[in-house]
Amino acid sequence: MCQVGEDYGDPAPEGPPPPRPGRELKCVKCSEGLPVVVIRAGDAFCRDCFRAFYIHKFRAVLGKNRLIFPGEKVLLAWSGGPSSSSMVWQVLEGLSRDSAKRLRFVPGVVYVDGTCPVVSTRRLRRVAPRTWPYPILGSPVVMIPFCLHLEGAACGQSREDRAKTLSDVKRILQTLGFPWHVVTLEEVFALPPSVLRCSAPEPVGTVGTYKVAVDSFLQQQHTLEAEGVGDSPSSAQGEAQPSQPCTQDPQDLAEPPPAAQTEALSRLFDSVKTLTAKEELLQTLRTHLILHVARTHGYSKVMTGDSCTRLAIKLMTSLALGRGAFLAWDTGFSDERHGDVVVVRPMREHTLKEVAFYNRLFAVPSVFTPAIDTKAPEKASIHRLMEGFLLRLQAQFPSTVSTVYRTSEKLVKAPRDGCASGPRCLLCMCSLDVDTADSATAFGAQTQDFSQMQPPTPLAEAGAPTVPCRSAEVGRAPNCCQGTRPCRREDSRARVIKQLCYGCRVNMKDVPSLDPLPPYILAEAQLRSQRLSPEIQEYLLENSDDKAHTSGSGAWGPPEQEGKDGQTVCDCINKNIFN
Amino acid sequence: MAAPLSVEVEFGGGAELLFDGVKKHQVTLPGQEEPWDIRNLLVWIKKNLLKERPELFIQGDSVRPGILVLVNDADWELLGELDYQLQDRDSILFISTLHGG
């Protein structure tokens with residue numbers, strides 16, 4: 001009860017301290033700390049809350065999807081860039097937490113090194129005016145925007161720069177303590193054709209299975225700890241022991257790849273006409289290489305550091321490149337197209353801004369190397385154009401990237417009717433979205449253009465300029481032109497084109513000759529076409545065939561076929577109508 | 001009349017390629033009529049530090065979208081972006097996020 005004269009203790013506190021100049025806001029989460037970064041539209045976070053938010057997002061993405069089982073071997077694809085470095089760092093931190101919240105998988109890191117010796121200046125001048133529209137600068141090291149740390153086809157980095165980059169990379173890899181693998185991009189020339197084959201997928205675990213696996217893992221952990229085995233079971237499960245952090249012979253790293261391979265890689269990338277096609281090809285080769293490493297060393301998952309911004313750009317770019325059918329695989333959390341190895345994208349909810357801030361505030365090491373499109377002008381490639389478009393739009397409408405990203409979350413991986421186990425694209429390994437029987441559609445007609453132009457033959461009665469001799473669509477008899485002209489080269493090109501999805505075919509338009517491609521691609525193409533052609537021969541000889549696989553008959557093929565020649569003529573005419 | 005300022009300008013994330021590969025620059029901004037803010041600083045950088053391809057760094061009177069600006073390790077959006085008035089011994093960092101990975 002109040003009493004007159006009672007002392008109520010300390011005098012009333014003074015007013016709140018004057019706000020610091022320019023930072024009147026407080027952290028939206030803890031309402032105490034001084035904000036350092038603005039996330040999304042107007043949410044200011046202080047340093048500690050930002051860190052908690054960032055880490056929580058990473059763990060939540062992994063936990064929500066429940067794809068990575070305890071004890072599973074996961075390969076982290078590290079390019080040296082900020083997003084993948086952040087991802088690797090998150091995994092490192094996640095593994096060192098107390099046992100209840102510790103990440104439960106066994107990681108390894110792969111780094112694809114592609115830097116190579118400087119291209120001769122003579123070649124520079126020949127290449128540069130044709131390919132690069134901006135003026136040549138003095139130093140070739142800075143000018144040639146080919147090389148990426150990962151893939152360094154015709155890279156402008158000198159040997160010293162390459163060695164320095166590699167030593168930086170190794171230093172970081174050694175501090176991680178995981179098993180690490182450094183491969184050079186030139187090794188694509190030594191890949192086996194089996195890398196392009198989709199292996200049988202492991203049985204997919206349901207949510208129930210996941211829970212059971214986690215519970216049994218935790219139980220095992222407790223048992224081992226109770227028995228006094230010592231450290232956590234994760235170290236017993238093959239996580240990197242400090243004694244052998246690197247799984248590669250150090251001598252291998254010291255030697256650069258054979259000059260012949262480097263030369264071949266340079267030749268390949270020089271022959272590609274547009275930067276868009278170069279970037280796509282690079283991406284494909286890198287994927288194959290990482291896949292090969294994962295399969296060789298027994299990794300069942302690969303984690304890539306694609307961020308939210310990158311995935312939004314990738315979604316729009318894929319649409320422009322004709323890969324709309326595969327958006328769900330290209331931009332989703334998990335990508336199971338390879339069968340036994342699943343690619344996951346744990347960084348997909350982090351924007352590039354958050355990644356950059358986190359890396360800066362918490363000193364995440366990364367290695368910067370110029371990429372194939374470094375300093376390329378805005379319209380140099382579709383990727384650059386789309387990136388510029390989205391980022392500019394984002395500056396004015398801050399919800400752009402997240403809207404595009406949310407769209408990608410809604411995409412469903414539904415197989416086309418009856419094509420769940422159909423043929424796969426040779427390069428990107430998605431189910432072929434090309435309907436070989438659909439020659440009557442505009443799409444079917446359009447894909448004729450991928451064959452090289454040749455003078456018309458007597459068979460082209462409709463008078464169209466292009467001859468379907470090199471038709472990529474229909475399974476024609478190999479000698480439809482009766483050997484009137486040598487078309488072996490077109491045959492082999494047509495053979496490869498036929499096995500590609502629409503997006504990859506569009507890409508191959510910019511690759512005038514398939515010879516510089518790594519041998520495993522051509523070998524696999526050969527193998528697949530040999531496997532297919534006896535079947536086609538079989539179908540061609542049968543009349544009134546109602547099988548869906550009958551190539552070329554489609555909606556137009558009359559039941560009364562006159563054998564190989566007749567069918568070929570029918571198809572020639574059909575196609576020419578649309579040319 | 002603004003007194004000369006000594007600030008540290010740093011570039012990261014690949015932006016340093018446009019500045020001869022040099023990441024940290026200790027610069028002394030000359031005294032001038034108007035106070036120094038980020039807007040003026042960008043003009044100054046374009047004139048004095050930027051070696052090539054200005055369109056990859058500056059767009060209009062601001063930085064190109066995709067380039068983050070940190071002032072004393074804090075987001076410039078908290079400080080008024082282009083209108084933030086520079087103070088002596090500030091550290092301004094430009095990070096390009098366009099080099100993904």
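Here is what the cut-offs are and how they apply
- Residues numbered from 1 in each chain as written.
- Chains lettered and ligands numbered in written order.
- Predicted model: local features only at pLDDT ≥ 70, side-chain atom pairs only at ≥ 80, totals over all residues.
- Heavy atoms only, no water.
- Contact = heavy atoms within 4.5 Å.
- Salt bridge = Lys/Arg side-chain N within 4 Å of Asp/Glu carboxyl O.
- Polar contact = N/O pair within 3.5 Å; in protein donor to acceptor, adjacent residues only side chain to side chain.
- Helix = DSSP H or I, 4+ residues; strand = E, 2+ residues; numbered from the N terminus.
- Nonpolar A, V, L, I, M, F, W, Y, C, P; charged D, E, K, R; others polar.
- Buried < 20%, exposed > 50% of the residue type's maximum accessible area, 1.4 Å probe, protein only.
- Pairing = 2+ DSSP bridges.
- Axes fitted to C-alpha atoms, helices over the stretch in contact; angles between N-to-C directions.
- Parallel < 35°, antiparallel > 145°, perpendicular 65-115°, else oblique.
- Left-handed = near helix turned anticlockwise from the far one by under 90°.
- Core = buried A, V, L, I, M, F, W, Y, C linked by side-chain atoms within 4.5 Å.
- pLDDT = per-residue confidence, 0-100.
- Expected span 1.5 Å × (residues − 1).

## A closer look at the interface of chain A and chain B
Working step 1: Listed as interface residues are 38 residues of chain A and, on the opposing side, 28 residues of chain B.
Working step 2: The salt bridge involving Asp75 of chain B is made with Lys353 of chain A; its shortest N-O contact spans 2.7 Å.
Working step 3: On inspection of chain A and its partner chain B, the count reaches seven residue pairs in polar contact (both at pLDDT 80 or more).
Working step 4: Contributions of two or more residues to the side of chain A that touches chain B are made by strand 1 (35-39), helix 2 (82-95), helix 13 (352-361) and helix 14 (382-396) of chain A.
Working step 5: Looking at the side of chain A that touches chain B, the element that brings in the most residues is helix 13 of chain A, giving six residues.
Working step 6: When grouped by side-chain class, the residues that make up the side of chain A that touches chain B number 21 nonpolar, eight polar and nine charged.

## Thoughts on the pairing of strand 2 (residues 24-29) of chain B
All names here are of chain B.
Working step 1: Burial of strand 2 is one-sided: the residues His25, Val27 and Leu29 facing one way are buried, the residues Lys24, Gln26 and Thr28 facing the other way are not.
Working step 2: Pairing between strand 1 (residues 5-12) and strand 2: six bridges, direction antiparallel. Paired with Glu8 across the two strands is Gln26, which belongs to strand 2.

## Thoughts on the packing of helix 11 (residues 308-321) of chain A against helix 14 of chain A
Residue and element names in this part refer to chain A.
Working step 1: Relative to each other, helix 11 and helix 14 sit at 130°, their axes nearing to 9 Å. In terms of their interaxial angle, helix 11 and helix 14 are classed as oblique. Two packed elements cross with a definite hand, and for helix 11 against helix 14 that hand is right-handed. Counting all contacts with helix 11, which are made through Thr309, Arg310, Ala312, Ile313, Met316, Thr317, Ala320 and Leu321, the residues of helix 14 involved are Ile382, His383, Met386, Glu387, Phe389, Leu390 and Leu391.
Working step 2: The residue makeup of the contact of helix 11 with helix 14, split by class, is ten nonpolar, three polar and two charged.

## Focus on helix 13 of chain A
All names here are of chain A.
Working step 1: The buried fraction of helix 13 amounts to nine of the ten residues, a majority that puts the element mostly inside the structure.
Working step 2: Within the sequence span of helix 13, burial applies to Leu352, Lys353, Glu354, Val355, Ala356, Phe357, Tyr358, Asn359 and Leu361.
Working step 3: Downstream of helix 13 by a residue or two, Ala363 has a phi angle that is positive, lying close to 50°.

## Here's the deal with the nonpolar core
All names here are of chain A.
Working step 1: Judged by nonpolar contacts, the single largest core of 54 residues is most densely connected at Val188 and Leu285.
Working step 2: Put simply, the parts of the chain that give this core at least two residues each are strand 3 (73-77), strand 4 (106-113), helix 9 (259-271), helix 10 (275-296), helix 12 (327-331), helix 17 (488-498), helix 18 (502-508) and helix 19 (519-540).
Working step 3: Take this core: its biggest share by element is ten residues, from helix 10.
Working step 4: Those residues in contact with Leu285 that lie beyond four places of it in its chain are Leu185, Val188, Leu268, Phe269, Pro518, Tyr520 and Ile521.

## As for the side chain of Arg286 of chain A
Residue and element names in this part refer to chain A.
Working step 1: Mapped onto the elements of the fold, Arg286 is located in helix 10.
Working step 2: For Arg286, a relative accessible area of 19% puts it in the buried group.
Working step 3: A distance of 2.8 Å separates a polar atom in the side chain of Arg286 from a polar atom in the side chain of Gln283.

## Comments concerning the sheet that holds strand 5 (residues 67-71) of chain B
All names here are of chain B.
Working step 1: Strand order in this open sheet of five strands is 2-1-7-5-6, and the pairing throughout is mixed. Since the sheet does not close on itself, it has two edges, and those belong to strand 2 and strand 6 (74-75), each with one partner.
Working step 2: Summarising the sheet, strand 5 and strand 6 pair through two bridges and their orientation is antiparallel. By the bridge assignment, Leu70 is partnered in strand 6 with Asp75.

## Concerning the pattern of salt bridges
Working step 1: All chains considered together, the criterion is met by 27 salt bridges over all chains.
Working step 2: Lys413 of chain A is the partner of Glu336 of chain A in a salt bridge, and the nearest nitrogen-oxygen pair spans 3.5 Å. Linking Glu336 of chain A in the loop between strand 7 (334-335) and strand 8 (342-344) with Lys413 of chain A in the loop between helix 15 (400-410) and helix 16 (442-446), this pair joins segments that are 77 residues apart in sequence.
Working step 3: Exposure remark for Lys413 of chain A: the relative accessible area of 28% places this residue in the partly exposed category.
Working step 4: For Asp83 of chain B, the salt bridge identified is with Arg39 of chain B, shortest N-O distance 3.0 Å. Of this pair, Asp83 of chain B sits in the loop between strand 6 and strand 7 (91-96) while Arg39 of chain B sits in helix 1 (residues 38-48); the two residues are 44 residues apart in sequence, bridging distant segments of the chain.

## Details of the environment of Gln261 of chain A
Residues and elements named next belong to chain A.
Working step 1: Looking at where Gln261 falls in the secondary structure, it is placed in helix 9.
Working step 2: Spatially, the C-alpha atom of Gln261 lies 9.8 Å from that of Pro518, the residues being 257 residues apart in sequence.
Working step 3: Residues in contact with Gln261, not counting those within four places in the same chain, are Glu186, Glu187 and Phe189.

## Concerning the confidence of the model for chain B
Working step 1: Per-residue confidence for chain B averages 88 on the pLDDT scale, and 96% of its residues sit at or above 70.
Working step 2: This complex was scored by the predictor with a pTM of 0.75 and an ipTM of 0.94.

## A closer look at helix 14 of chain A
All names here are of chain A.
Working step 1: Compared with an ideal rise of 1.5 Å per residue, which puts 15 residues at 21 Å, helix 14 spans 22 Å between its outermost C-alpha atoms and is within 8% of the ideal.
Working step 2: Buried within helix 14 are the following residues: His383, Arg384, Met386, Glu387, Gly388, Leu390 and Leu391.
Working step 3: In this fold, the buried residues of helix 14 make contact with helix 10, helix 11 and helix 15.

## A closer look at the side chain of Arg310 of chain A
Working step 1: Along the chain, Arg310 of chain A turns up in helix 11.
Working step 2: At 2.7 Å, the side chain of Arg310 of chain A and the backbone oxygen of Leu98 of chain B are in polar contact.

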